[in-house]
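Remarks on the overall topology
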Amino acid sequence: MTLLLAGDIGGTKTILRLVEVSNSLNLQTIDEETYRSGDFADLVPLVQQFLHKTNIPAPQKACFAIAGPVVNNTAKLTNLTWFLETERLKQQLGINSMCLINDFSAVGYGIFGLSKQDLLTLQPGKHQPEAPIAIIGAGTGLGQGFLIKQGNYYQVFPSEGGHADFAPRSELEFQLLKYLLDKHDIQRVSVERVVSGQGIVAIYQFLRDRKLANESPEIAQIVRTWEQEAGQQEKSVDPGAVIGTAGLQRSDRLAVETLQLFVDIYGAEAGNLALKLLPYGGLYIAGGIAPKILPLLQNGNFLLNFSQKGRMRPILEDIPIYIIRNQQVGLIGAALRAARL
């Protein structure tokens, strides 16, 4: 048995998990703890506190999934002063084998640690075991990546596909594009600005300002508070979550229309990624938003927009699509990546 340390390192919170792994890559959690990242000056004292609590010798291997880019084994976290370097961490923590990976790469590795209960099949498709796998996930941003089989393992490749251009397809979506260009005085709109938590709010603001429906006083107050807190590191409200709840409950017409447009665009972007990769190994929908709006992803509009690509439609209808329900998939992926060191 090998002792591993897996970490999901974010600007707001850090989750550490101590894991035992067998030769068959079965993971057994020994201990787990969540910390406020801002309470520590660096990752080292945080890990030291966790290991002291567990009262277990230092693990042989570690992998930390970082909310941000990892370049040459170093990472600078958004919203924190932490600058992480693999060699420094290895020396100060006494762990000989270690790696830093992007948090969305960790999702790619984590796919292979999920159970059937962790996945919801949106489209069965026609699975091909040697084909690429694609991942897309809307949350704070829009992550995209892919996996290619190399021997007995899959190699995970992150991408910056979420920063590709938003491609409107209808008159309403063209109006949304023009609205965002004018509102933010920018030259282009990335798809992440629309398909993400901030995108839900942006779509809501667009439909509100176009007078599509009357705004409810409750949601209006939350959105106004959020707008007034623009630029602040921490917000006191989460309008995306409130709009999402109201849309699911169909208690607010503006929220309902917001989520409908969001799902349409999300499906279209997932279809764009699928066209580029032909992931007959499966397209996995990750991120924090999908599990919260499952009924809307299952009602047919997501798949309609996913496959609405003209004569390419039959190709996309053969691609298996799964929604990841387990929100700790990145932590699972970090452990599996550590096991491969």
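Throughout, a residue's number is its position along its own chain's written sequence, starting from 1. pLDDT decides what is reported in this predicted model: residues at 70 or higher carry local features, side-chain atom pairs at 80 or more are listed and counted, and totals for whole chains, interfaces and linings draw on all residues regardless. Only hydrogens and water are removed before side-chain values are computed, so all heavy atoms of the structure are retained for them.

1. Focus on the layout of surface pockets
- Here the second largest pocket is characterised by a volume of approximately 310 Å³.
- The wall of the second largest pocket is formed by 17 residues, among which Leu 25, Tyr 109, Phe 112, Gly 113 and Leu 336 lie closest to the centre.
- Put simply, DSSP H or I for four residues or longer makes a helix, DSSP E for two residues or longer makes a strand, and each gets a number counted from the N terminus. Mapped onto the lining of the second largest pocket, the elements with two or more residues apiece are strand E2 (13-21), strand E3 (27-36), strand E12 (153-159) and helix H12 (329-339).
- Here the lining of the second largest pocket is built from residues that sort into ten nonpolar, five polar and two charged. Of the two site types, the cavity is a set of points on a 1 Å grid over the protein atoms alone where a 1.4 Å probe fits but cannot get out, and the pocket is an open set with protein on both sides within 12 Å along at least five of seven lines, each lined by residues with an atom within 4 Å of a point. Grid points are joined across faces, edges and corners, and a volume is the space filled by probe spheres set on the points. Any residue that is not Ala, Val, Leu, Ile, Met, Phe, Trp, Tyr, Cys, Pro, Asp, Glu, Lys or Arg is counted as polar, Gly included; the first ten are nonpolar and the last four charged.

2. Here we look at the sheet that holds strand E8 (residues 97-102)
- When DSSP finds two or more bridges between two strands, those strands count as paired. Judged by pairing direction, the sheet is mixed, and its five strands sit side by side in the order E3-E2-E1-E4-E8 without closing on themselves. Strands with a single pairing partner mark the edges of an open sheet, and in this sheet they are E3 and E8. Here the strands of the sheet are splayed against their neighbours by 15° on average, with no regard to which way each runs.
- Where strand E1 (residues 2-9) lies against E2, eight bridges are found, and the strand directions are antiparallel. The residue bridging Ile 9 from the neighbouring strand is Thr 14, located in E2.
- Throughout, a contact is declared for two residues whenever any of their heavy atoms are within 4.5 Å. Only the contacting stretch of a helix is used when fitting its axis, a line to C-alpha atoms as for every element, and angles between N-to-C directions run 0 to 180 degrees. Relative to the sheet, H12 contacts E1, E2, E3, strand E4 (61-66) and E8, its axis offset from that of E1 by approximately 140°.

3. A look at the pattern of salt bridges
- We define a salt bridge as a contact between a side-chain nitrogen of Lys or Arg and a carboxyl oxygen of Asp or Glu at a distance within 4 Å. On inspection of all chains with the given rule, the structure shows 16 salt bridges.
- For Asp 31, the salt bridge goes to Lys 53, with nearest N and O atoms at 2.7 Å. Of this pair, Asp 31 sits in strand E3 while Lys 53 sits in helix H1 (residues 43-54); the two residues are 22 residues apart in sequence, bridging distant segments of the chain.
- In this structure, Glu 87 engages Lys 90 in a salt bridge whose closest nitrogen and oxygen atoms are separated by 3.4 Å. Placement of the pair is Glu 87 and Lys 90 together in helix H2 (residues 86-93), with a separation of three residues, close to one helical turn.
- Each residue's exposure class comes from its accessible area (1.4 Å probe, protein chains only) as a fraction of the maximum for that residue type: buried when under 20%, exposed when over 50%, partly exposed otherwise. A relative accessible area of 48% means that Glu 87 is categorised as partly exposed.
- Looking at Lys 90, the relative accessible area reads 22%, which means it is partly exposed.

4. Quick look at the pairing of strand E10 (residues 133-138)
- Burial analysis of E10 places six of its six residues in the buried class, the great majority of the element.
- Burial along E10 is two-sided: the face carrying Ile 133, Ile 135 and Gly 137 and the face carrying Ala 134, Ile 136 and Ala 138 are both buried.
- Both E10 and strand E13 (residues 283-286) contribute to a ladder of four bridges, which runs parallel. Note on E13: the bridge partner recorded for Gly 137 is Ala 286.

5. Topic: the UniProt feature "binding site: ATP" (unreviewed entry) in the protein
- UniProt positions are given in the numbering used here, feature names are shortened, and annotations may be inferred rather than shown by experiment. The sites that UniProt annotates as "binding site: ATP" (unreviewed entry) are Gly 7, Asp 8, Ile 9, Gly 10, Gly 11 and Thr 12.
- Within the secondary structure, Asp 8 is located in strand E1.
- The contacts of Asp 8, once residues within four sequence positions are left out, are Lys 13, Thr 14, Ile 15, Ala 65 and Leu 331.
- By the secondary structure assignment, Thr 12 is in the loop between E1 and E2.
- Once residues lying within four places of it in the same chain are set aside, the contact partners of Thr 12 are Tyr 35, Arg 36, Ser 37 and Gly 38.

6. Details of the nonpolar core
- Think of a nonpolar core as a cluster: buried Ala, Val, Leu, Ile, Met, Phe, Trp, Tyr and Cys residues, connected wherever their side-chain atoms sit within 4.5 Å. Leu 176, Phe 262, Tyr 266, Leu 283 and Ile 285 are the most contacted members of the largest nonpolar core, which has 53 residues in total.
- The contact partners of Leu 283, leaving out residues within four places of it in the chain, are Ala 134, Ile 136, Ala 270, Ala 274, Phe 306, Ile 319, Pro 320, Ile 321 and Tyr 322.
- Membership of the second largest hydrophobic core comes to 32 residues, among which are Tyr 109, Ile 135, Leu 147 and Val 156.

7. Points about helix H8 (residues 253-277)
- For a helix, the expected span equals 1.5 Å multiplied by the number of residues minus one. Across its 25 residues, H8 extends 37 Å between first and last C-alpha, which sits within 8% of the 36 Å expected from 1.5 Å per residue.
- Along H8, 18 of the 25 residues are buried, which leaves the element largely enclosed by surrounding structure.
- Where H8 begins, the capping side chain belongs to Asp 252, and its oxygen is found 3.1 Å from the backbone nitrogen of Leu 254. Between N or O atoms, a polar contact is any pair within 3.5 Å; within protein, one atom must be a potential hydrogen donor and the other a potential acceptor, and residues adjacent in sequence are included only when both atoms are from side chains.

8. Description of helix H5 (residues 197-209)
- A rise of 1.5 Å per residue sets the reference length of H5, with its 13 residues, at 18 Å; its end C-alpha atoms lie 19 Å apart and thus fit the reference within 8%.
- The buried fraction of H5 is high, at ten of 13 residues.
- Buried within H5 are the following residues: Gly 199, Ile 200, Val 201, Ala 202, Ile 203, Tyr 204, Gln 205, Phe 206, Leu 207 and Arg 208.
- Those residues of H5 that are buried are in contact with helix H4 (171-184), helix H6 (217-228), helix H7 (239-249) and H8.

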